[in-house]
Amino acid sequence: MKKLHYYICLVCCLSGGLLSCDDFLTESPADSIPDRDAFNTVEDFTNNLNGAYSTMGSADLLGRDLLCFGDLCADACQHNTASFNFQKLAVWSVNDTDDDLLAVWRCCYQVVDRTARIIASAETYSGVETPAFNVCLAQAHALRAWCTFYLANLYGLPYTYQPGAPGVVNVKTPVATTDRVQRATVAENYAFILEDIAAAHRCYEKEGTPNPGVYCFNRAAVSAFEARVKLFMGNYAEARTAAQTAIRQFGGSLVNTSAQYTAMWNTSAMSPEDIMRYQRSATQTHSYYFMWGPSGGAEFVHNVLAEIPEDDIRYDIYNRTQYGKFCGTELGNATLSIPLFRLPELYLIIAECDAAEGNYADAAGTLAIVSDARNSALSGQIAADASVMQQIRDERKWETLQEGHRFFDARRWKIKIDVYGGVYPGFDIARFCYPVPADEVNAGYGVVQTENWAAALPAVN
């Protein structure tokens, strides 16, 4: 596991000395502290937390690649010739030496390492447990869970398909350079994720712990994430409860005009639907890193846009702006607010849970909250029978377009989709997971490759 050690252990002891995360992560000193300074104050914890957030915004995660997996490797968006970024994976030319596969693995484990150090240091911290300390620890648990979730869903099979399949490495404590590790199962990854979510809840429940803003893993965002995780597990009762809790904690509302919906994406102001967003500043990275930016690389599949009627309030942002939801704000083309959790997803989770349990009337009623606010193709046409599940899936596709959900949804639903613009029709995507990067496997520290992963790749019929 040399490469995982390389990526997350540069901050560990080397030949009797200590090397800072800053050298590898290229964060400014304000975003992290060298390990040799340890965690002596609440500010030390906060600085490392800021470093973890900053790493999330790199091109390897929210700045490009993570959303590309969700969109360009599914059936609602596709790659074009405007950019070479992510091109091979988007056309399903997959191999274990791909740079983007390695980048996401590496960057996720950078965040995991930062947060694992915060969590481990909190256990031995001798200072006063202040509200600021608790809110930092809550976010560290949530961020580690979030990265583990996406690692497990990229490099492991869906929980709903084969929970006993190999997943990824659970990093409970920082990994030393001499440690050997091994992949956990997907089920063990999810158990680890839920442990972190529960720990985040406990931190927020401590007296006086403040609720951070929309750009942080706040209370409602932790509950929303819990709902997503349990939905991906097929644990419908608990997913519904978590979604309902998040709605109560958030207290927002759905917008219902085209102007309001468009403003959510092309202004820097937060909308009543925003539970958590990642604010990417104009100075953090260049606009061409992002696949929907001026140098492009991403475009909609035409027949998906054709499903959205002109009086749908989402129609304008998809059809009349150059880059859809990610066209920049009044602060500049490169200044984007990238959503992690939004209110409509919670309603769609509740509707899906009800439909999965056969409560079709309840599912139809909840689905209507979203479809009526959007004036969607389903408004007034929702069926209170088993067919409502397909309607929920359609509404979720339209609502979360460009937000990196479709690949993961199709896998957990175990549906067959047409990828690469229809070149590969009827792809049984639930059977597929990406290979662990060859650099990681070849290092020989315990991570083994997924057997016969290439056999599940799509093929021309």
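Let me begin by describing the structure that accompanies this report. (Residues numbered from 1 in each chain as written. Predicted model: local features only at pLDDT ≥ 70, side-chain atom pairs only at ≥ 80, totals over all residues. Heavy atoms only, no water.)

**Section: empty space enclosed by the protein**
Then, in step 1: For the coordinates displayed, the defined rule picks out seven cavities of 30 Å³ or more.
Then, in step 2: Computed from the structure, the largest cavity encloses a volume of approximately 90 Å³.
Then, in step 3: Contributing to the lining of the largest cavity are Leu 62, Leu 66, Leu 67, Trp 146, Tyr 150, Arg 228, Pro 339, Leu 340, Glu 403, Gly 404 and His 405.
Then, in step 4: Counting only elements with at least two residues in the lining of the largest cavity, the list comes to α4 (65-72), α7 (131-155) and β6 (336-342).
Then, in step 5: Of the voids in this model, the second largest cavity is the one considered here, and its volume is about 60 Å³.
Then, in step 6: Around the second largest cavity sit Arg 228, Pro 339, Leu 340, Phe 341, Arg 342, Pro 344, Glu 345, Glu 399, Thr 400, Glu 403 and His 405, which together line it.
Then, in step 7: Considering each element in turn, the lining of the second largest cavity owes the most residues, four residues, to β6.
Then, in step 8: A breakdown of the residues in the lining of the second largest cavity according to their chemical character gives four nonpolar, two polar and five charged. (1 Å grid on protein atoms, 1.4 Å probe; cavity = no way out; pocket = protein on both sides within 12 Å on 5 of 7 lines; lining within 4 Å. Points joined across faces, edges and corners; volume = space filled by probe spheres on them. Helix = DSSP H or I, 4+ residues; strand = E, 2+ residues; numbered from the N terminus. Nonpolar A, V, L, I, M, F, W, Y, C, P; charged D, E, K, R; others polar.)

**Some points on the packing of α7 against helix α8 (residues 186-205)**
Two numbers describe a pair of packed helices, the interaxial angle and the distance between the axes.
Then, in step 1: Look at α7 against α8: their axes get within 8 Å of each other, and the N-to-C directions meet at 160°. Taken together, α7 and α8 sit at an angle that is classed as roughly antiparallel. Our pair here, α7 against α8, has a crossing hand that is left-handed. (Axes fitted to C-alpha atoms, helices over the stretch in contact; angles between N-to-C directions. Parallel < 35°, antiparallel > 145°, perpendicular 65-115°, else oblique. Left-handed = near helix turned anticlockwise from the far one by under 90°.)

**Focus on the packing of helix α14 (residues 343-356) against helix α15 (residues 360-374)**
Then, in step 1: Running from amino to carboxyl end, α14 crosses α15 at an angle of 155°, the nearest separation of the two axes being 7 Å. When the axes of α14 and α15 are compared, the pair comes out roughly antiparallel. For α14 against α15, the interelement crossing comes out left-handed. Contacts between α14 and α15 involve Pro 344, Tyr 347, Leu 348, Ile 350, Ala 351, Asp 354 and Ala 355 from the former and Tyr 360, Asp 362, Ala 363, Thr 366, Leu 367, Ile 369, Val 370 and Arg 374 from the latter.
Then, in step 2: Looking at the contact of α14 with α15 residue by residue, the classes come out as eleven nonpolar, one polar and three charged. (Contact = heavy atoms within 4.5 Å.)

**Topic: the nonpolar core**
Then, in step 1: Trp 92, Trp 146, Phe 217, Phe 225, Phe 341 and Tyr 434 are the most contacted members of the largest nonpolar core, which has 143 residues in total.
Then, in step 2: What Tyr 434 contacts, discounting residues up to four positions off in sequence, is Phe 69, Cys 73, Leu 89, Trp 92, Val 94, Leu 101, Leu 154, Tyr 155 and Phe 407. (Core = buried A, V, L, I, M, F, W, Y, C linked by side-chain atoms within 4.5 Å. Buried < 20%, exposed > 50% of the residue type's maximum accessible area, 1.4 Å probe, protein only.)

**Focus on the environment of Asn 218**
Then, in step 1: With respect to the helices and strands, the residue Asn 218 is situated in the loop between α8 and α9 (219-233).
Then, in step 2: C-alpha of Asn 218 to C-alpha of Tyr 204: the two residues are 14 residues apart in sequence and 8.7 Å apart in space.
Then, in step 3: The residues touching Asn 218, leaving out its near neighbours within four places in the chain, are Tyr 204, Asn 211, Pro 212, Gly 213, Ile 275 and Met 276.
Then, in step 4: Here the side chain of Asn 218 touches Gly 213 through a polar contact of 3.2 Å, landing on its backbone oxygen. (Polar contact = N/O pair within 3.5 Å; in protein donor to acceptor, adjacent residues only side chain to side chain.)

**A few points about the packing of aromatic side chains**
Then, in step 1: This structure, assessed with the given rule, holds 30 aromatic pairs.
Then, in step 2: With a centroid separation of 4.9 Å and an interplanar angle of 50°, the aromatic rings of Phe 39 and Phe 45 are classed as tilted. Of the two residues examined, Phe 39 and Phe 45, each falls in the buried class.
Then, in step 3: Positioned above the aromatic ring of Trp 265 is the side chain of Arg 277, whose terminal nitrogen or guanidinium carbon lies 4.5 Å from the ring centre. (Phe/Tyr/Trp six-rings, centres within 6.5 Å; stacked < 30°, edge-to-face > 60°. Lys NZ or Arg CZ within 6 Å of the ring centre and 35° of its normal.)

**With respect to the pattern of salt bridges**
Then, in step 1: Summed over the entire model, instances satisfying the criterion amount to 28 salt bridges.
Then, in step 2: A salt bridge links Arg 144 to Asp 196, with the nearest nitrogen and oxygen atoms 2.7 Å apart. Residue Arg 144 is found in helix α7, and its partner Asp 196 is found in helix α8; the two are separated by 52 residues along the sequence.
Then, in step 3: Taking the shortest distance from any N to any O, the salt bridge between Glu 238 and Lys 230 comes out at 2.8 Å.
Then, in step 4: The exposure class assigned to Lys 230 is buried, which follows from its relative accessible area of 9%.
Then, in step 5: A single salt-bridge network, built from bridges that share partners, covers Glu 273, Asp 312, Arg 314, Lys 325, Arg 342, Arg 374, Glu 395, Glu 399 and Glu 403. (Salt bridge = Lys/Arg side-chain N within 4 Å of Asp/Glu carboxyl O.)

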